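# Architecture and fold: a report
For reference, the chains in residue letters:
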Amino acid sequence: MKRVDWKTLTEKQRTAILARPASLRSEALQKRVTGILKRVQAEGDAALRAYAEQFDGVKLTALAVSAREFAAAEKAVDPMVKTAMAEAAERIRRWHKTGMAREFSVKTAPGVHCGRILRPIQRVGLYIPAGSAPLPSSVLMLGIPAQLADCPEVVLCSPAQADGRIDPSILVAARLCGIRRVFKTGGAQAIAAMAFGTRSIPRCDKLFGPGNAYVATAKQQVQALPGGPAIDMPAGPSEVLVIADASAQPAFVAADLLAQAEHGPDSQVLCLSDDARLLDRIQAELDTQLAQLSRKTIAGKALQHARLIQTRNLAEAIAISNRYAPEHLILALTDAESYLDQVQTAGSVFLGHWASEALGDYCSGTNHTLPTDGAARAYSGVSVASFQLAISTQRVSRKGLLAIGSCAETLAACEGLDAHAAAVRIRRQAAA
């Protein structure tokens, strides 16, 4: 990891140090994704089968996962893994249910009642990566809040393995969330299928799920199209920022940094500390632990654009973090909770030395589908509300019209909208 001292950097250098990998802004990537989207829109299932052969090395006769494949997956997954999934699902469900939005009605004036009703999004599409590693945890993170929102239709897409099947752990997790419509397609082409619809895969109203640069770019492109689906958030390559003080365990910090780095070569990891000796020890631990990883080549590539940043104090470190707006923020600090009020932008915060980010990835209960690439300045992680429509209502009686009608007429006249004013005025005259 590159080592820098924040106080010695110019503003231009600071901006460069905090820059994400440029993959999402690559013009070549944008063009490639556009080409994939257009081909799927034009050719449908045939394009999906062609891309499966090209990218995944598998010839598919059917895209939909059959009941027989679901049953085989249940037998293939280790019982201990299924138990762990069920345990994680219970905590994920508890956290999401506790945070659910509620309907309400409030009297804003005599005879005027304004409220909010909640309705599920009718058809949602979930994307589950599995290119370099299957992610059944992402099924739970998306499937459980969709289930709590009571979405009528949930579609799931994930790339097939070389044997033509989706990884069994993904299918077991899907069944745990009540998901039955699963399709063998991945990458940007899966996003296109759920955005436009094909003969096999239905068109979805909103798309969810993390992915690589191709998936993130595809989601943003289809959202921008006329009539395109909504998306959960900009959620591309994974990232973590750790703020550590002298009390931090170098081995813990290094392990958390590597946990993100192993996601992919375009993952970003940063570590900030006001203790120079600690940064030295973290670097040594990184070298030691990296050599032991099965995915050390991938993690090593990610570390090439990672940063160890020395700050003057912890307040400066938190200010840098707020500027960066990390997907994951770990406060490896003594009395970490006391610094929480200073945190303004982050997808998810992990407090103290024992709160490994990996716990949030799997089973603490919070959602791991979080905004990346600085989107945490304005976006939140996935919740049940992400799968719902919040629809406002207003009930107005004759008394209510007379109470607030003149206010509406005055404001309509101010804006020069005569028809607006008339729509209220004729009612006031009839009610008088």
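Figured I'd write up the structure that's included with this text. All residue numbers refer to positions counted from 1 along the written sequence of the respective chain. Totals for whole chains, interfaces and linings use every residue, but because this is a predicted model, local features are given only for residues with pLDDT of at least 70 and side-chain atom pairs only at 80 or more, for both listing and counting. With hydrogens and water excluded, all non-hydrogen atoms of the structure serve as input to the side-chain values.

This part is about the overall build of the chain. Only DSSP runs of H or I covering at least 4 residues are called helices, and only runs of E covering at least 2 are called strands; the numbering of each starts at the N terminus. Helices and strands together make up the secondary structure of the chain, namely 16 helices and 14 strands. If you line up the chain on its principal axes, its C-alpha atoms span 85 × 60 × 45 Å. Only four residue types enter the tally: Lys and Arg on the positive side, Asp and Glu on the negative side; His and the chain ends are excluded. Charge placement uses NZ in Lys and CZ in Arg. For Asp and Glu, CG and CD serve respectively. If the 49 positive side-chain charges of the chain are averaged to one point and the 40 negative ones to another, these points end up 7 Å apart.

Cavities and pockets are defined on a 1 Å grid built over the protein atoms alone: a cavity is a set of grid points where a 1.4 Å probe fits but cannot escape, while a pocket is an open set with protein on both sides within 12 Å along at least five of seven lines, and lining residues are those with an atom within 4 Å of any such point. Grid points are joined across faces, edges and corners, and a volume is the space filled by probe spheres set on the points. All told, the structure shown has two cavities of 30 Å³ or more when counted by the stated rule. Here the second largest cavity defines a volume of roughly 60 Å³. Considering the residues around the second largest cavity, the lining is formed by Val 242, Ala 248, Gln 249, Phe 252, Val 253, Asp 256, Ile 330, Ala 332, Gly 352, His 353, Ala 355 and Ser 356. For the lining of the second largest cavity, the elements supplying multiple residues, two or more each, are helix H10 (250-261) and strand S12 (328-332). When residues in the lining of the second largest cavity are grouped by element, the largest group, three residues, is from H10. Residue polarity is assigned by list, with Asp, Glu, Lys and Arg as charged and Ala, Val, Leu, Ile, Met, Phe, Trp, Tyr, Cys and Pro as nonpolar; anything else, Gly included, falls into the polar class. Its residues assigned to classes, the lining of the second largest cavity comprises seven nonpolar, four polar and one charged.

Moving on to the pattern of salt bridges. For salt bridges, the criterion is a side-chain nitrogen of Lys or Arg within 4 Å of an Asp or Glu carboxyl oxygen. For the structure on display, the rule yields 18 salt bridges. Of the charged contacts in the structure, one is a salt bridge between Glu 27 and Lys 31, with a shortest N-O distance of 3.5 Å. Separated by four residues within a single helix, Glu 27 and Lys 31 lie in helix H2 (residues 27-43), roughly one turn from each other. The shortest N-O distance in the salt bridge between Glu 409 and Arg 428 comes to 2.6 Å.

Even without glycine at this site, Ala 325 takes up a positive phi of about 55°. Backbone geometry at Asp 373 places phi at a positive 60°, although glycine is not the residue there.

Before going further, it helps to spend a moment on the pairing of strand S9 (residues 239-244). Burial classification: accessible surface area is computed with a 1.4 Å probe over protein chains only, and a residue below 20% of its type maximum counts as buried, one above 50% as exposed, and the rest as partly exposed. Burial within S9 is extensive, with six of its six residues counted as buried. A pair of strands is treated as paired once DSSP finds two or more bridges between them. Judged from the six bridges that link them, S9 and strand S10 (residues 268-273) form a sheet pairing that is parallel. Its bridge partner being in S10, Glu 239 is matched across the sheet by Gln 268. The sheet contact formed by S9 and S12 spans five bridges and is parallel. What sits directly across from Val 240, in S12, is His 328.

Sheet architecture is open: five strands sit in the order S6-S5-S4-S7-S8, paired in parallel fashion. At either end of the open sheet lies a strand with only one pairing partner, and these are strand S6 (181-184) and strand S8 (230-231). The sheet contact formed by strand S4 (residues 123-127) and strand S7 (residues 206-208) spans three bridges and is parallel. Residue pairing across strands places Leu 126 opposite Phe 208, the latter belonging to S7. Throughout, a contact is declared for two residues whenever any of their heavy atoms are within 4.5 Å. Convention adopted: a line fitted to C-alpha atoms gives each axis, helices being fitted over their contacting stretch, and angles between N-to-C directions are expressed from 0 to 180 degrees. Against the sheet, helix H8 (residues 187-196) makes contact with S4, strand S5 (153-158) and S7, and its axis sits at roughly 175° relative to S4, the strand it touches most.

Glancing now at the sheet that holds strand S2 (residues 104-109). The strand order S2-S3-S14 describes an open sheet built from three strands, whose pairing is antiparallel. The sheet is open, and its two edges are formed by S2 and strand S14 (388-396), each paired on a single side. For this sheet, the mean angle separating the axes of adjacent strands, direction not counted, is 25°. Two elements, strand S3 (residues 112-120) and S14, share nine bridges in a ladder whose sense is antiparallel. Bridge pairing in S14 places Val 112 opposite Val 396.

Here Asn 367 is to be found in the loop between helix H14 (357-362) and S14. At 2.6 Å, the side chain of Asn 367 forms a polar contact with the backbone oxygen of Met 141. Residues in contact with Asn 367, not counting those within four places in the same chain, are Trp 95, His 96, Met 141, Pro 145 and Val 382. Pairs of N or O atoms within 3.5 Å make up the polar contacts considered here, provided that, within protein, one atom can donate a hydrogen while the other can accept it, and that residues adjacent in sequence are counted only when both atoms are side-chain atoms.

Okay, H8 next. Most of H8 is tucked away: nine of the 10 residues are buried. Directly beyond the C-terminal end of H8, a positive phi value near 85° is found at Gly 197.

Quick look at the layout of surface pockets now. Space inside the second largest pocket adds up to approximately 150 Å³. In terms of residues, the lining of the second largest pocket owes the most to one element, strand S13 (residues 348-351), which gives three residues. Of the residues contributing to the lining of the second largest pocket, the split by class is four nonpolar, six polar and no charged.

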